[in-house]
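# Topology and contacts: notes
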Amino acid sequence: MPGETKDGMPCLEFDALLTEALDGTLGGERLERFQAHARACSACGPLFAEIDAGRRLLKSITEVEPPAHLAYNILAATSGLDTVRMHAPMAQPQVSWLDRVRARIAPALTPVFAVVRQPRFAMSFGMAFFSVSMVLNLAGVKVSDLRHVDLHPSAMVRGYHMTSGKVVKYYENIRFVYQIESKVREIKRATTPAEPAPQKDQPRKDNSNTSEQPDQRQERNYSQGENQPVLASTPDVPPVAPVTATGRFV
Amino acid sequence: MAGDAAAWEEIVRRYHRRIYNICYRFAGSGDDAQDLTQDVFIKMYKTLDTYDVERGAFMTWVTTITRNLLVDHFRKSKHARMTDSLDAAPSEHDGAMPLSERIQDKGMPPDAQVQSRETGEAVHLALQKLSPELREAVILRDLQDMDYKEIATVLRVPEGTVKSRINRGRAELARLLQRTYRQVV
């Protein structure tokens, strides 16, 4: 660092006047000497320029706005109040017993609610609801009718007895019908004469037919059940499609 | 005074912005600034009865508490401090928007606004690169407009040292930014 310039200002003095010069409080002859030294000195001139640039840069940045909730947080952390002016007249809100119960069971219900909030659960619930409503529709139950249902205990007991009475009565009726039917069947069986026994030595109508195909076909048809398909086949034409006894194609 | 809730609320309302800005510029992070500001007020609330009017202005006392907490925070976080460059991500201060942006300057063209914001972010990042002694000095002088005597009281150093630190801090900041822009160009 050069010790002194032509104007007689040492670098140490220049350094001491830096702050005043930057703050704009330096004037007169001292300011002229200061500026002359800055122009002439290869060390002090750039240093002054850097400091001035740094000062300008720092002055250029603006104040930041604190978060809106900061003051409230501070008040809550210190005096325990949100805001004295705004909330002072307001009494502390009373916590009802329902809220207290809710606060107690909330930790237990939180995992359940977490499951309930999942889309998979909502989908299952929707499907179940759809199924129930469909079954109710098919059964002829209308939800609007349920509003008129008397849910008093005595009415429910009465309803239970009436329903069970209906069931018993229905069962008794069915049993009576079956008994009548079985009696009628017995009477028919008793009044019908016994069928004559088949003649063993009856001659065959066509002795030339030795293939016995019709008889075999007859036996095959007897062995078939009621719902089994009947093949509409002929000896010469192959079967086209199986048909059930009711005439439906299978 | 501690029992006077209204007075305390007035103190919080009047000083929280200033303290937040000091913390934000010193710590560099909005989250840290929030925590530190809250800590400052908690400490103030506990030690309000120790404030002596004759020993100095209330603002100086508040700033001294802030500065002491910032120094403690700096020491604690010394090992965990990030060493990112000036080219790293821009300021993380999400909640804090500069006042110049909140109040739109219609006379300023958009390009100039963007450039001003970018310069502000670069300066903020460069500020974090300064040593804490230089950083606190320039923050108090150039951002908080405190006079040298007040700064000397807060930092507990002579005025000459304060002036020297301020000028060294400014020069160092200019060099850092010059280096950065040179790298970019």
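Okay, so let's go over this structure. Keep in mind it's a predicted model, so treat the numbers as computed, not measured.

As a further point, take the overall build of chain B. Scanning chain B for helices and strands turns up 8 helices and 0 strands. Put simply, chain B runs from its N terminus to its C terminus through helices and strands in the order α-α-α-α-α-α-α-α. With 185 residues in all, chain B has 45% of them scored as buried. Of the contacts formed within chain B by residues at least 6 apart in sequence, a portion of 67% connects residues at least 24 apart. On chain B, roughly 10,000 Å² of surface is accessible, and the fraction owed to carbon and sulfur atoms is 50%.

Attention now goes to the pattern of salt bridges. One pass over the structure, following the stated rule, counts 16 salt bridges over all chains. A salt bridge links Asp145 of chain B to Lys59 of chain A; its shortest N-O distance comes to 2.8 Å. Here Asp145 of chain B, found in the loop between helix H6 (132–143) and helix H7 (148–155), pairs with Lys59 of chain A, found in helix H3 (residues 44–60), and the two come from separate chains. Through salt bridges with shared partners, a single ionic network connects Glu50 of chain A together with Glu172 and Arg175 of chain B.

Packing of helix H4 (residues 70–78) of chain A against helix H1 (residues 5–27) of chain B brings their axes to within 10 Å, and their N-to-C directions diverge by 125°. Classed by the angle they form, the pair H4 of chain A and H1 of chain B counts as oblique. With respect to the hand of their crossing, H4 of chain A and H1 of chain B are arranged in right-handed fashion. Contacts between H4 of chain A and H1 of chain B involve Leu70, Ala71, Tyr72, Ile74, Leu75 and Thr78 of chain A from the first element and Trp8, Glu9, Val12, Arg13, His16 and Tyr20 of chain B from the second.

Cut-off values and rules
Residues numbered from 1 in each chain as written. Chains lettered and ligands numbered in written order. Predicted model: local features only at pLDDT ≥ 70, side-chain atom pairs only at ≥ 80, totals over all residues. Heavy atoms only, no water. Helix = DSSP H or I, 4+ residues; strand = E, 2+ residues; numbered from the N terminus. Buried < 20%, exposed > 50% of the residue type's maximum accessible area, 1.4 Å probe, protein only. Contact = heavy atoms within 4.5 Å. Areas by Shrake-Rupley, 256 points an atom, 1.4 Å probe, with all protein chains shown as cover. Salt bridge = Lys/Arg side-chain N within 4 Å of Asp/Glu carboxyl O. Axes fitted to C-alpha atoms, helices over the stretch in contact; angles between N-to-C directions. Parallel < 35°, antiparallel > 145°, perpendicular 65-115°, else oblique. Left-handed = near helix turned anticlockwise from the far one by under 90°.

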